[in-house]
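Spelled out from the first residue to the last, the chains are:
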Amino acid sequence: MGSVGAKEIPELLNAEGRRIDGRRLDELRPISMKVGPLTRADGSAFVEWGENKVMAAVYGPREVHPRHLMQTSKAIIQCRYNMAAFSVDERKRPGQDRRSQEISKVITEAFESVVFTEEFPKTSIDIYIEVLQANAGTRCAGLVAASLALADAGIPMADLVASVAVGKVAGRIALDLKKEEDNFGEADMPLALVPQSGRLVLIQMEGHMNRDEIREALDLGTKGCREIYERMRQALRTRYEVPAGAPAPEAMA
Ligand code: ADP
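Every value quoted in this text rests on a predicted model; they were computed, and no experiment measured them.

1. Brief notes about the site of the ligand
- Arg99, Ala136, Gly137, Thr138 and Arg139 are the nearest of the 13 residues found near the ligand.
- Arginine 99 is positioned such that a nitrogen or oxygen atom in its side chain is 2.7 Å from an oxygen atom of the ligand.
- Between an oxygen atom of the ligand and a side-chain N or O atom of threonine 138, the distance comes to 2.5 Å.
- For the ligand, the accessible surface in isolation is 530 Å², of which the surrounding protein chains cover 77%.
- Put simply, the parts of the chain that give the shell around the ligand at least two residues each are helix H2 (138-152) and helix H3 (179-184).

Now the structure itself:
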């Protein structure tokens, strides 16, 4: 522990190149994904990623509310990212604030570039993201959960969207920052990638990195997104693969 005035700063990287939780610079936090936990939603997914716990539910395509938002040539995507009051150490004021509005907007825009909205004119595809526990990277966890929930709802998309944050910690580029690294590190850059096309559909940055560091961060973040993508595909397979010898889904019901 170092200290600046009264504030204790944890050692973010030790002599062996290990981070505060023992990870290497290019290592993700442990992650688990469950597709379809909510029976009322058209699609849903629950993601536990490090200490983040995030639920996503998708409804639609369905009638547009409020009606004046309806578009005659395509579906609209509406996303609401929300952090529960009990999701952080100090109670968060309930309800939408500027941060959650911003996150809802960037997540909506990320999905607008993969969902085939023109197949469902005059409808709405509604995505709800509820952060039950937060420890940095919740917009990425929310994107991953929402992407799985959209797939679970059977919404046609060009590809899944995978996401992870990358940043700079103790002078080094590091994958998937946790809270202390986000707070005391030099930069945080959440990314979202459409893996098959290689297109980035979300990139934000807080802090300072030079050009070379940004390049390195983009490479590491892209690799991280591809790792997350494989985990997402595995979660969907686990949900939908019929075990050998089991009755086909249409024979069940
Ligand atoms: P992200 O969760 O996508 O990294 P931020 O960088 O804005 O988004 O937030 C980093 C972390 O800071 C959050 O994951 C959460 O742990 C914490 N945090 C965000 N907003 C609040 C808040 N209002 N009160 C307490 N902690 C918060």
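2. Description of the packing of H2 against helix H4 (residues 211-240)
- Two elements in contact, H2 and H4, have axes separated by 11 Å at closest approach and are oriented at 35°. Between H2 and H4 lies a crossing of right-handed hand. Here Val144, Ser147, Leu148, Ala151 and Asp152 of H2 lie close against H4, whose contacting residues are Ile228, Met232, Leu236, Arg239 and Tyr240.
- Looking at side-chain class alone, the contact of H2 with H4 contains seven nonpolar, one polar and two charged residues.

3. Focus: the pairing of strand E10 (residues 187-194)
- The buried count for E10 comes to eight of eight residues, which makes it a mostly enclosed element.
- On E10, burial covers both faces: Ala187, Met189, Leu191 and Leu193 on one face and Asp188, Pro190, Ala192 and Val194 on the other are all buried.
- Both strand E8 (residues 162-169) and E10 contribute to a ladder of seven bridges, which runs antiparallel. By the bridge assignment, valine 164 is partnered in E10 with leucine 191.
- Sheet topology places E10 next to strand E12 (residues 206-207); two bridges connect them, and they run antiparallel. Among the inter-strand pairings, alanine 187 is bridged to a residue of E12, identified as glycine 207.
- In terms of strand pairing, E10 meets strand E11 (residues 199-203) through four bridges, oriented antiparallel. Bridge assignment links leucine 191 to a residue of E11, and that residue is isoleucine 203.

Rules used throughout
- Residues numbered from 1 in each chain as written.
- Predicted model: local features only at pLDDT ≥ 70, side-chain atom pairs only at ≥ 80, totals over all residues.
- Heavy atoms only, no water.
- Near = heavy atom within 4 Å.
- Polar contact = N/O pair within 3.5 Å; in protein donor to acceptor, adjacent residues only side chain to side chain.
- Areas by Shrake-Rupley, 256 points an atom, 1.4 Å probe, with all protein chains shown as cover.
- Helix = DSSP H or I, 4+ residues; strand = E, 2+ residues; numbered from the N terminus.
- Axes fitted to C-alpha atoms, helices over the stretch in contact; angles between N-to-C directions.
- Left-handed = near helix turned anticlockwise from the far one by under 90°.
- Contact = heavy atoms within 4.5 Å.
- Nonpolar A, V, L, I, M, F, W, Y, C, P; charged D, E, K, R; others polar.
- Buried < 20%, exposed > 50% of the residue type's maximum accessible area, 1.4 Å probe, protein only.
- Pairing = 2+ DSSP bridges.

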